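One-letter residues, chain by chain:
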Amino acid sequence: MTPKEVLEFAKKNEAKQLDLRFTDLPGLQQHVSYPISELEEDSFEEGFGIDGSSIRGWAAINESDMLLIPDPSTAFMDPFYEIRTLVMTCTAIDPITKQHYERDPRWIAMKAENYLKNSGIADTAYFGAEAEFFIFDSISFDQNQHSGFYFIDAEEGRWNSGRRENNLGYRPRYKEGYFPVPPTDHYQDLRAEMVDVMINCGMDIECHHHEVATGGQAEIDQRFNTLVKSADGMMLYKYCIRNVANQYGKTVTFMPKPLFADNGSGMHTHQSLWKDGKPLFAGDNYAGLSQLALWYIGGLLKHARALSAIIAPTTNSYKRLVPGYEAPVNLAYSRRNRSAAVRIPMYSPNPKAKRAEFRPPDPAANPYMAFAGMLMAGLDGVINKIDPGEPLDKDIYDLSPEEMKNVPSMPASLEEAMNCIEEDHAFLLKGDVFTEELLETYIAYKRKNEADAVRLRPHPYEFALYYDI
């Protein structure tokens with residue numbers, strides 16, 4: 001929609017409120033609301049003022065004034081608010097310089113698309129992300145100087161099989177939750193309503209199903225789209241899923257590894273490059289790939305350890321990235337093999353369907369930064385003709401220690417991931433897509449507020465290991 005069409009859309013739908021949304025550096029969506037009378041055609045150029053210093057990873061207190069510029073193409077009517085509300089996604093502008101704000105994740109994604117077009121390699125990057133999540137009945141947790149705990153309750157939790165009240169059985173066994181019909185799959189209707197709500201918000205949804213883990217793990221797949229639109233879609237996806245679950249009295253988490261001894265949640269990301277309406281990843285090489293696609297994969301694999309700081313951005317991410325739980329710890333590529341970091345799906349021979357699926361990302365990632373980072377790594381592979389090496393079509397988890405010596409692996413902790421991106425980030429700086437200042441801010445925030453915060457606190461299991469030492 002154009003700005004004028006947005007105003008007509010608001011009037012037609014009897015909107016009373018305007019809700020503007022944007023995303024902080026760690027990836028949590030924020031919002032501010034106004035009476036709809038505040039929205040005019042000029043608003044799409046003049047913007048709406050906010051205090052940027054109160055947003056995580058954003059401006060200092062002495063440079064706090066920011067403007068939010070709504071994107072008219074993102075307009076939709078909110079399906080949850082009681083008061084009829086028009087919603088738009090925004091980018092942030094410095095009110096003095098009128099330049100885009102460099103710490104706005106959406107602007108980073110927009111710059112990545114611009115860099116791609118200016119490179120001449122392609123004009124469009126398509127991203128399709130499959131974010132998994134858990135549906136729990138309740139969650140409680142706390143941490144202080146003398147205690148720390150979490151407790152998960154889920155009607156579909158395997159650990160609840162022994163409870164006496166309201167127990168009808170039908171819970172998936174650990175690692176056996178993939179595709180059972182109801183009543184073992186408790187959440188068919190809930191997921192279907194999530195899908196219905198997302199479609200009504202303008203999203204293109206392909207399928208939904210139960211995932212491998214117990215505890216209500218699920219996946220809903222969006223159709224691929226251009227980079228920025230896919231990232232916008234992921235933020236709306238999370239919003240809709242959480243709020244539908246909340247209406248059912250359930251709680252959803254995109255935390256990568258909430259359950260011990262069962263699979264975690266990934267965000268496998270399918271990606272491909274196109275030019276002049278033609279796919280560039282189809283060819284006559286391995287798995288029907290073009291040479292350009294192989295170089296792109298080479299870039300992803302070369303920079304995967306650095307990318308981990310953005311695509312697996314929590315301490316909890318590295319509880320998921322361990323062998324034995326379908327997580328791609330080792331950096332290799334393969335057709336069909338889901339134990340490889342890059343998989344080439346073989347469902348269709350159509351050149352338009354040819355793509356690379358990068359499997360290390362998880363849904364805790366900020367999608368704007370994650371998609372931009374992956375594109376920059378892949379383009380670096382194309383520009384520098386990075387050879388991805390030989391494919392690995394065996395089950396990587398069954399390789400001998402001797403065979404594993406030549407297969408690099410993902411970092412084992414968030415701290416190691418931060419070290420990796422400090423050592424290898426020149427590819428992110430091309431075209432000023434990421435800036436040194438942005439990366440320094442991000443790394444400092446992650447170290448202080450997450451890696452160090454977890455490292456400094458005693459873990460409950462340490463008491464089981466060491467109390468009687």
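Before reading on, note that the structure itself is shown above.
Summarised in this report is the structure supplied together with it. (Residues numbered from 1 in each chain as written. Predicted model: local features only at pLDDT ≥ 70, side-chain atom pairs only at ≥ 80, totals over all residues. Heavy atoms only, no water.)

## Focus on a negative patch on the surface
Where like charges cluster on the molecular surface, the negative patch consists of Glu-5, Glu-8, Glu-38, Glu-40, Glu-41, Asp-42, Glu-45 and Glu-46. Counting residues per element, the ones that place at least two in the negative patch are helix 1 (3–12) and helix 2 (43–46). Here Glu-41 lies in the loop between strand 2 (29–35) and helix 2. (Patch = residues over 30% accessible without salt bridge, like charges linked within 9 Å, V, L, I, M, F, W, Y side chains within 5 Å. Areas by Shrake-Rupley, 256 points an atom, 1.4 Å probe, with all protein chains shown as cover. Salt bridge = Lys/Arg side-chain N within 4 Å of Asp/Glu carboxyl O. Lys, Arg positive; Asp, Glu negative; His and termini not counted. Charge placed at Lys NZ, Arg CZ, Asp CG, Glu CD. Helix = DSSP H or I, 4+ residues; strand = E, 2+ residues; numbered from the N terminus.)

## Remarks on the pairing of strand 9 (residues 148–153)
As defined by bridge partners, strand 8 (residues 138–143) adjoins strand 9 across six bridges and the pair is classed as antiparallel. Along strand 9, the bridge assignment pairs Ser-138 with Asp-153. Linking strand 8 to strand 9, which pair antiparallel, is a turn of four residues. (Pairing = 2+ DSSP bridges.)

## Considerations on the nonpolar core
Inside soluble globular proteins, nonpolar side chains tend to come together where they are buried. Membership of the largest hydrophobic core comes to 98 residues, with the highest contact counts inside it found for Phe-133, Met-194, Tyr-237, Leu-273, Leu-375 and Phe-434. Ranked by residue count, the leading element in this core is helix 5 (residues 227–247), at 12 residues. Ignoring anything within four residues of it in the chain, the contact list for Leu-375 reads Ala-112, Leu-116, Ala-125, Phe-127, Leu-227, Leu-273 and Tyr-296. Membership of the second largest hydrophobic core comes to 22 residues, among which are Val-6, Leu-39, Phe-44 and Ala-92. (Core = buried A, V, L, I, M, F, W, Y, C linked by side-chain atoms within 4.5 Å. Buried < 20%, exposed > 50% of the residue type's maximum accessible area, 1.4 Å probe, protein only. Contact = heavy atoms within 4.5 Å.)

## Some words on helix 5
Relative to the 30 Å expected for 21 residues at 1.5 Å per residue, helix 5 spans 31 Å between its end C-alpha atoms, a close match to the ideal helical length. In terms of burial, helix 5 is a largely internal element, 16 of the 21 residues being buried. Just past helix 5, the residue Gly-249 takes up positive phi, approximately 75 degrees. (Expected span 1.5 Å × (residues − 1).)

## Quick word on the environment of Trp-274
When you line up the elements, Trp-274 lands in strand 14 (residues 267–275). Classification of Trp-274 as buried rests on a relative accessible area of 11%. Once the C-alpha coordinates of Trp-274 and His-303 are considered, the two residues, 29 residues apart in sequence, prove to be 22 Å apart. Residues within four places of Trp-274 in sequence aside, it is in contact with Ala-122, Asp-123, Thr-124, Tyr-126, Pro-279, Leu-280 and Lys-352. Among the polar contacts made by the side chain of Trp-274, one reaches the side chain of Ser-272 at a distance of 3.2 Å. (Polar contact = N/O pair within 3.5 Å; in protein donor to acceptor, adjacent residues only side chain to side chain.)

## Observations concerning the packing of helix 5 against helix 9 (residues 367–383)
Axis separation between helix 5 and helix 9 bottoms out at 8 Å; the angle between their running directions is 150 degrees. In this structure, helix 5 crosses over helix 9, and the sense of that crossing is right-handed. Contacts between helix 5 and helix 9 pair Leu-227, Val-228, Ser-230, Ala-231, Asp-232, Met-234 and Met-235 from the former with Pro-367, Tyr-368, Phe-371, Ala-372 and Leu-375 from the latter. Looking at side-chain class alone, the contact of helix 5 with helix 9 contains 10 nonpolar, one polar and one charged residues. (Axes fitted to C-alpha atoms, helices over the stretch in contact; angles between N-to-C directions. Left-handed = near helix turned anticlockwise from the far one by under 90°. Nonpolar A, V, L, I, M, F, W, Y, C, P; charged D, E, K, R; others polar.)

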